Amino acid sequence: MFLRIDKLPVELPVSPNIDPIAARNVQELLGGRFGEMSTLMNYTFQSFGMRGRDKIRPFYALISNIAAEENGHIEIVSAAINSCLNGPRTEFDPAHDPESAHWQNLPGGSFSGHYVASAQTALPLDSRGMPWTGDYVFSSGNLILDLLHNFFLENGARTQKLRVYQMTDNPAARMMLGYLFVRGGVHAMAYAKALQELTGVEMSKMLPIPNVGNQIFPEAKRFMEGDLHLKLYRFSPDDYRECSGLWSGTAPAAYTEGIGSTDQFQFIDAPPSGGDLAHLAGIASSFAPNYAPEEIFEIAQKLYQKAKD
Ligand code: MN
Ligand code: MN
């Protein structure tokens, strides 16, 4: 089962303007082959189908915890796309008349699906508008092969994120990217350590792939200064503790870059505390939550009252 916390892993800045090109490019990191939907579903199905898990729970717990974290990554990439598609917006504005055809000149480079299929919010698609597909999931049942695949997947994801970083200076997109450079680095290192434990092959010596450290990106460096590159979280009230032994010891010098207060891997017995989600105001001409939502607001008011009683 899954629980849900109404927070983002970290708070994102509000995009200073509507930035549909950044939103479209960031879609690749959500619904592309190497996007967060892929990491989530790969680790989720590998954990669902892991045979012999009663005897190999450290590896089962590792993949399960990382799968749960990827749920939050889907949410933060979506939040970055939403921020890029909105910018500062005043509260619900009924003056936008749908008869005025004010969407007829969308900014150049816009993905029309963001305006037609959603009300300027993220969709489970890549940057070309192609839907995410289960074909991206590799779940062979062979522990070493699956871990090796996950190591590859994290580094493929990092490569694409590094490219998207260079395609935008949008602060919401870049804050999300800085955070995910660091967290993806943890996941790549965790899979490297698991493979190292199983085979003796020092996978961590390959890292980082590509061979540029996270510390050169200011948005990533600030998270490293808070030791987020050294923390593996447990995403459950009671379960999945067994992987703490896989995430212990001293981090390689190339991994810490001398940043942060320690070089020790830390297993955190809880999820991150999280940050606030941005408020997405209503858009009358997108009929979201409706063209004239006053009645919906009134019904909601009554339900708030009922929840308090
Ligand atoms: Mn991720
Ligand atoms: Mn990851």
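Draft legend 1. Summary view of the overall build of the protein. The number of helices and strands found in the protein is nine helices and two strands. Relative to the globule expectation of 19 Å for 309 residues, the C-alpha radius of gyration of the protein, 21 Å, shows essentially globular dimensions. Reported as C-alpha extents along the three principal axes, the dimensions of the protein are approximately 65 × 50 × 40 Å. Among the 309 residues that make up the protein, the fraction classed as buried is 39%. Partitioning the intrachain contacts of the protein with sequence separation of at least 6 by distance along the chain shows that 79% fall at a separation of at least 24.

Draft legend 2. Just helix α6 (residues 171-199), in detail. Along its 29 residues, α6 runs 41 Å from first to last C-alpha, staying within 8% of the 42 Å computed at 1.5 Å per residue. A positive phi of about 80° marks G200, the residue just after α6.

Draft legend 3. Broad picture of unusual backbone geometry. With omega at -15°, the peptide bond leading from I209 into P210 counts as cis. For P210, the position within the fold is in the loop between α6 and α7 (218-225). In this structure, P289 follows A288 across a cis peptide bond, with omega equal to 0°. Note on placement: P289 falls in the loop between β2 (266-268) and α9 (294-308). Even without a glycine there, the phi angle at Y240 is positive, about 65°. Note on placement: Y240 falls in the loop between β1 (231-233) and α8 (253-256). Given 22 C-beta atoms within 10 Å, Y240 falls into the buried group.

Draft legend 4. View of the nonpolar core. Core analysis: the biggest nonpolar cluster contains 66 residues, and V26, A80, M176 and A190 have the highest contact counts within it. Put simply, the parts of the chain that give this core at least two residues each are α1 (20-31), α2 (36-48), α3 (57-86), α5 (143-165), α6, α7 and β1. It is α6 that contributes the most residues to this core, 17 residues altogether. Excluding its chain neighbours within four sequence positions, the residues that come into contact with V26 are V77, A80, I81, C84, V164 and A173.

Draft legend 5. Region of interest: the environment of N142. Take N142: it is sitting in the loop between α4 (113-116) and α5. We classify N142 as exposed; it has 11 C-beta atoms within 10 Å.

Draft legend 6. Representation of the packing of α3 against α6 in the model. As a packed pair, α3 and α6 sit with axes 10 Å apart at the nearest point and diverge in direction by 165°. The angle between α3 and α6 falls in the class roughly antiparallel. The element α3 and its partner α6 pack so that their crossing is left-handed. Contact with α3, carried on its side by F59, L62, I66, E69, H73, I76, V77, A80, S83 and C84, involves A172, A173, M176, Y179, L180, R183, H187, A190 and A194 of α6 and no other residues of that element. Split into classes, the residues belonging to the contact of α3 with α6 amount to 14 nonpolar, three polar and two charged.

Draft legend 7. View of the packing of α6 against α7. At a minimum axis distance of 7 Å, the contact between α6 and α7 shows a crossing angle of 50°. Here α6 lies oblique to α7, going by the angle between them. For the element pair α6 and α7, the recorded crossing hand is right-handed. Only E219, A220, F223 and M224 of α7 make contact with α6, whose side of the interface consists of R174, M175, L177, G178, Y179, F181 and V182. Residues of the contact of α6 with α7, tallied by class, amount to eight nonpolar, one polar and two charged.

Draft legend 8. Structural view of α2. Over its 13 residues, α2 runs 18 Å from end to end, which matches the ideal 18 Å to within 8%, given 1.5 Å per residue. Within α2, 11 of the 13 residues are buried, which leaves the element mostly enclosed by the surrounding structure. E36, M37, S38, T39, L40, M41, N42, Y43, T44, Q46 and S47 are the residues of α2 that are buried. Tucked inside the fold, the buried residues of α2 contact α1, α3 and α5.

Draft legend 9. Main features of the environment of M206. If you trace the backbone, M206 turns up in the loop between α6 and α7. Note on M206: 13 C-beta atoms within 10 Å, which makes it partly exposed. Sequence separation of M206 and A192 is 14 residues, and the distance between their C-alpha atoms is 9.0 Å.

Calculation criteria
- Residues numbered from 1 in each chain as written.
- Chains lettered and ligands numbered in written order.
- Predicted model: local features only at pLDDT ≥ 70, side-chain atom pairs only at ≥ 80, totals over all residues.
- Helix = DSSP H or I, 4+ residues; strand = E, 2+ residues; numbered from the N terminus.
- Rg over C-alpha atoms; globule rule 2.2 N^0.38 Å.
- Buried ≥ 20, exposed ≤ 12 C-beta atoms within 10 Å, placed from the backbone.
- Contact = placed C-beta atoms within 7 Å.
- Expected span 1.5 Å × (residues − 1).
- Core = buried A, V, L, I, M, F, W, Y, C linked by C-beta atoms within 7 Å.
- Axes fitted to C-alpha atoms, helices over the stretch in contact; angles between N-to-C directions.
- Parallel < 35°, antiparallel > 145°, perpendicular 65-115°, else oblique.
- Left-handed = near helix turned anticlockwise from the far one by under 90°.
- Nonpolar A, V, L, I, M, F, W, Y, C, P; charged D, E, K, R; others polar.

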